[in-house]
Amino acid sequence: AANNCAAALTKYQAVAKVKMTAQVAFNIAECEERVGKLVSALGSYRLAASLVTDNKPVEVSSHVGDRIKLVEERIPRLTILRTEQTSRIELDGSEIGSSQMGQENFVDPGTHTISGKIGETEVWRETVQLAEKEKKTITVKIDVEKFKAPPKPTATATAVETAPVPTAIPVEPPSKVPAYVV
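Just so it is clear, the structure is predicted and the values come from calculations on it, not from any experiment.

Q: Got a sec to walk through the overall build of the chain? Specific residues and values, please.
A: What the chain contains, in helices and strands, is six helices and seven strands. Along the chain, helices and strands appear, N-terminal first, in the series α-α-α-α-α-β-β-β-β-β-β-β-α. Evaluated residue by residue, the chain yields a buried proportion of 30% over its 182 residues. Within the chain, residue pairs in contact and separated by at least 24 positions form 54% of the contacts whose partners lie at least 6 positions apart.

Q: I'd like to hear about the sheet that holds strand β3 (residues 94-95), residue by residue, with values.
A: The strand order β3-β2-β5-β6 describes an open sheet built from four strands, whose pairing is antiparallel. Looking at which strands have only one partner, the edges of the open sheet turn out to be β3 and β6 (121-130). Of the strand pairs in this sheet, strand β2 (residues 88-91) and strand β5 (residues 110-118) are connected by four bridges, and their pairing is antiparallel. Bridge pairing in β5 places Glu 90 opposite Ser 115.

Q: Kindly report on helix α1 (residues 5-18), identifying the contributing residues and their values.
A: Spanning 14 residues, α1 covers 20 Å between terminal C-alpha atoms, matching the ideal 20 Å at 1.5 Å per step. All of the buried residues in α1 are Cys 5, Leu 9 and Ala 16. An end-on view of α1 places all buried positions within 45° of arc, on one side of the element. Turned more than 90 degrees away from the buried face of α1, the exposed residues are Thr 10, Lys 11, Lys 17 and Val 18.

Q: Requested: an account of the sheet that holds strand β1 (residues 77-82), with residues and values cited.
A: Within the open sheet, the three strands sit side by side as β4-β1-β7. Their pairing is mixed. The sheet terminates laterally at β4 (104-106) and β7 (135-140), the two strands that pair on one side only. Pairwise comparison of adjacent strand axes, ignoring direction, gives a mean angle of 30° for this sheet. Pairing of β1 with β7, which is carried by six bridges, proceeds in the parallel orientation. Counted as the bridge partner of Leu 81 is Thr 139 from β7.

Q: Explain a nonpolar patch on the surface to me, and be specific about the residues and the numbers.
A: A cluster of nonpolar side chains, contributed by Met 20, Leu 47 and Leu 51, occupies part of the molecular surface with about 210 Å² of accessible area. Position of Met 20 relative to the elements: it lies in the loop between α1 and α2 (22-34). You can call Met 20 partly exposed: its relative accessible area is 34%.

So, how was this worked out
- Residues numbered from 1 in each chain as written.
- Predicted model: local features only at pLDDT ≥ 70, side-chain atom pairs only at ≥ 80, totals over all residues.
- Heavy atoms only, no water.
- Helix = DSSP H or I, 4+ residues; strand = E, 2+ residues; numbered from the N terminus.
- Buried < 20%, exposed > 50% of the residue type's maximum accessible area, 1.4 Å probe, protein only.
- Contact = heavy atoms within 4.5 Å.
- Pairing = 2+ DSSP bridges.
- Expected span 1.5 Å × (residues − 1).
- Arc of directions from axis to C-beta.
- Axes fitted to C-alpha atoms, helices over the stretch in contact; angles between N-to-C directions.
- Patch = residues over 30% accessible without salt bridge, like charges linked within 9 Å, V, L, I, M, F, W, Y side chains within 5 Å.
- Areas by Shrake-Rupley, 256 points an atom, 1.4 Å probe, with all protein chains shown as cover.
- Salt bridge = Lys/Arg side-chain N within 4 Å of Asp/Glu carboxyl O.

So this is what it looks like as structure tokens:
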């Protein structure tokens, strides 16, 4: 009623931990949609639809199908391509799987960071801004040859110097005098 969706979302999520119903999932979805978490809202609407049985509750079953379609239309889509298969690509810090490469990925509206890594070293980064209903394709271009480590030098027999082997210093056993005194 106060249109404070962030606070309401927190309360609905607490209720969902106790008992998840179609109404609770639907209300969570509405709050997520209003705060701009469209991908989460889509999942919550789909959860609400799955919890509807025999078209009950009516207030959920009559609206959830339309809401799913509307949210799907609003969600931005980001397609990520890569030029090098040995690189690892991350979207907002989470690795993109090979099945997600070249596919439209649902993302929330706003700023997203795509990074390319070789091993643990980040070698490419781009930030992209997406609005509702927008579709973008980003190609991650990494020249792997440029980032390969130089070969380690190998030692040759003539270049290796032998260090003198330290000799062991004899250690004297402890004195027995204190034991005799006691």
